[in-house]
Amino acid sequence: MSTGSSPRTLNGRHKPCTSVAILEHELSELRLLLEREAGVLLDSPTDILMARVSNYLESRHLGSAPDLLSLLRSSETECESLLETLLDGDSGFFRHTNAFQTFAGKLLPELHQRKSGESPRTLRIWSAGCSTGVESYSIAMSICHEVNCGGGGWNIHILASDIRRSALQVAERGLYLRKALAQVPRPLIKAYFAKVGEHLLAKPRLRNLVTFTPMNLARPAYLGRFDCIFCMDVLPHFSVTQKIALVQRLHLYLEPGGYLLLGDGEKIPSAADVNFQMEKESGAVLYRKPLAVAAKSGK
Ligand SMILES: C[S@@+](CC[C@H](N)C(=O)[O-])C[C@H]1O[C@@H](n2cnc3c(N)ncnc32)[C@H](O)[C@@H]1O
């Protein structure tokens, strides 16, 4: 434990490479605060985390961690701004391959058939924790490929949200290096992207399906009901308490018969105590909200 008399790191040593040192208890306080505000567990190695926070202090011209802590307590924007530098935004087109294959091969045909008699025929999908939008455009490509979006009389909407505004700006631009689409089949690239030098730009037929919006998943929001929610590689970064609360909200946000898709190997905690039917399909695990829940409770 540091004595607090001089600025020392967890090892009890001064950190040579960063100019603003952070004390052990300050880092713990910061972790607790961000867990409460954004649900996330900052589990990066301590030295990496300290260096990132220290860089942030410098970039904001703050002299010490207590200055940052008091700012964070009074400003939600400050919290979001710090998370920009601390959160992992790893993503990729069709990254969770099994889930995307199941979405295209099973869920979309099932939804298509179930909704064919409806008027208007609507499909609402949520990409929760969408990072730079590649997950959301992968969903849009799958839908365009399976459902006749243009001429088929379908009202299709993909809501894509993330807490990091910088990631959402990239998503809205829809401009990616060609190598980022290396895993995307050529016919899909040809149909849905335009070449711009070394980049590929999402065409309007994809972009028109997606609305990007900033949102903190640790906070309840009124969003209406979705037919499918993609919440991939987000839950593992949440604390247990926040994970349970988020799963319960995701259940609420689903239409009866709707599906929750998680990333590879992810599971919902049993303590969430929500009525999901777990289905295994081509290596993907799907969570389906039973239709009967709606019939019984009227929800
Ligand atoms: C590892 S990335 C996964 C991106 C994408 N879902 C995928 O699987 O390719 C996790 C994303 O969740 C976002 N995230 C983390 N905590 C969040 C929160 N409390 N509210 C909203 N988004 C959050 C991060 O900003 C990041 O973009």
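Scroll up to find the structure.
Attention in this report is confined to the structure presented alongside it. (Residues numbered from 1 in each chain as written. Predicted model: local features only at pLDDT ≥ 70, side-chain atom pairs only at ≥ 80, totals over all residues. Heavy atoms only, no water.)

Some points on the overall build of the chain
Regarding its fold elements, the chain presents 11 helices and 10 strands. The buried share of the chain, reckoned over its 299 residues, is 48%. Here the contacts in the chain between residues at least 6 apart in sequence split such that 71% fall between residues at least 24 apart. For the chain, the accessible area works out to roughly 14500 Å², and carbon and sulfur atoms hold 51% of it. (Helix = DSSP H or I, 4+ residues; strand = E, 2+ residues; numbered from the N terminus. Buried < 20%, exposed > 50% of the residue type's maximum accessible area, 1.4 Å probe, protein only. Contact = heavy atoms within 4.5 Å. Areas by Shrake-Rupley, 256 points an atom, 1.4 Å probe, with all protein chains shown as cover.)

Quick look at unusual backbone geometry
Pro 120 follows Ser 119 through a cis peptide bond whose omega is 0 degrees. Here Pro 120 lies in the loop between α5 (97-115) and β1 (121-128). The residue Ser 131 is not glycine, and still its phi comes out positive at about 55 degrees. As for its position among the elements, Ser 131 is in the loop between β1 and α6 (134-146).

Some thoughts on the pattern of salt bridges
Using the criterion set out here, one finds 13 salt bridges in the structure. The shortest N-O distance in the salt bridge between Glu 110 and Arg 114 comes to 3.7 Å. Taken together, the residues Glu 110 and Arg 114, both in helix α5 and 4 residues apart, mark about one turn of the helix. Look at Glu 110 and you get partly exposed, because its relative accessible area is 21%. (Salt bridge = Lys/Arg side-chain N within 4 Å of Asp/Glu carboxyl O.)

Here we look at the nonpolar core
Core analysis: the biggest nonpolar cluster contains 48 residues, and Leu 30, Leu 34, Leu 68, Trp 126, Ile 229 and Leu 260 have the highest contact counts within it. Mapped by element, the contributors of at least two residues to this core are α1 (24-38), α2 (46-59), α3 (65-74), α4 (76-86), β1, β7 (226-231), α10 (240-253) and β8 (254-262). Two domains each provide a minimum of three residues to this core, namely domain 1 (24-86) and domain 2 (97-297). Discounting residues that sit within four places of it in the chain, Leu 68 has contacts with Leu 30, Val 53, Tyr 56, Leu 57, Leu 62, Glu 78 and Leu 82. Counting 44 residues, the second-largest nonpolar core is a separate cluster that includes Phe 103, Tyr 192, Leu 209 and Cys 228. (Core = buried A, V, L, I, M, F, W, Y, C linked by side-chain atoms within 4.5 Å. Domains from an automatic or database assignment.)

Looking at the site of the ligand
Close to the ligand lie 24 residues; Ala 38, Ser 91, Glu 135, Asp 162 and Arg 164 are nearest. One of the side-chain nitrogen or oxygen atoms of Arg 95 is found 3.1 Å away from an oxygen atom of the ligand. Contact between the ligand and Arg 164: an oxygen atom at 2.8 Å from a side-chain N or O atom of the residue. Calculation on the ligand without its partners gives an accessible area of 600 Å², and the protein chains cover 99% of this total. Residue composition of the shell around the ligand, grouped by class: 9 nonpolar, 8 polar and 7 charged. (Near = heavy atom within 4 Å. Polar contact = N/O pair within 3.5 Å; in protein donor to acceptor, adjacent residues only side chain to side chain. Nonpolar A, V, L, I, M, F, W, Y, C, P; charged D, E, K, R; others polar.)

Topic: the sheet that holds strand β4 (residues 193-196)
Spatial strand order, β3-β5-β4: 3 strands in an open sheet with antiparallel pairing. The open sheet terminates on both sides in strands that have one partner only, identified here as β3 (175-177) and β4. On average, each strand axis in the sheet is tilted by 35 degrees relative to the strand beside it, whichever way the strands run. (Pairing = 2+ DSSP bridges. Axes fitted to C-alpha atoms, helices over the stretch in contact; angles between N-to-C directions.)

As for the packing of aromatic side chains
Within a pair of aromatic rings, the relevant descriptors are the distance that separates the centres and the angle that separates the planes. For the structure on display, the rule yields 10 aromatic pairs. Considering the side-chain rings of Tyr 137 and Tyr 176, the 6.1 Å spacing of their centres and the 75 degrees angle between planes classify their relative orientation as edge-to-face. With Tyr 137 in helix α6 and Tyr 176 in strand β3, this pair connects stretches of sequence that are 39 residues apart. Judged by its relative accessible area of 1%, Tyr 137 falls in the buried class. A cation sits over an aromatic face here: Arg 124 above Phe 226, 4.3 Å from the ring centre. (Phe/Tyr/Trp six-rings, centres within 6.5 Å; stacked < 30°, edge-to-face > 60°. Lys NZ or Arg CZ within 6 Å of the ring centre and 35° of its normal.)

Regarding the environment of Leu 223
Mapped onto the secondary structure, Leu 223 falls in the loop between β6 (210-214) and β7. Judged by relative accessible area, Leu 223 falls into the buried class, the value being 13%. In this structure, Leu 223 is in contact with Arg 124, Trp 126, Leu 159, Met 215 and Tyr 253, ignoring residues within four places of it in sequence.

Brief notes about α10
Along its 14 residues, α10 runs 20 Å from first to last C-alpha, staying within 8% of the 20 Å computed at 1.5 Å per residue. Every buried residue of α10 is accounted for by Gln 242, Ile 244, Leu 246, Val 247, Arg 249, Leu 250, His 251 and Tyr 253. Buried residues in α10 make contact with α1, β1, β7 and β8. (Expected span 1.5 Å × (residues − 1).)

Quick notes on α6
A rise of 1.5 Å per residue sets the reference length of α6, with its 13 residues, at 18 Å; its end C-alpha atoms lie 18 Å apart and thus fit the reference within 8%. For α6, the tally of buried residues reaches 11 of 13 residues, placing the bulk of the element in the interior.

Quick word on the side chain of Glu 35
Considering the arrangement of structural elements, one finds Glu 35 in helix α1. Despite being buried, Glu 35 has no salt bridge partner; Arg 36 is the closest side chain of opposite charge, sitting 7.6 Å away. Among the polar contacts made by the side chain of Glu 35, one reaches the side chain of Ser 239 at a distance of 2.4 Å. Contacts of Glu 35, omitting those with residues within four sequence positions, involve Val 40, Leu 41, Ser 239 and Gln 242. (Lys, Arg positive; Asp, Glu negative; His and termini not counted.)

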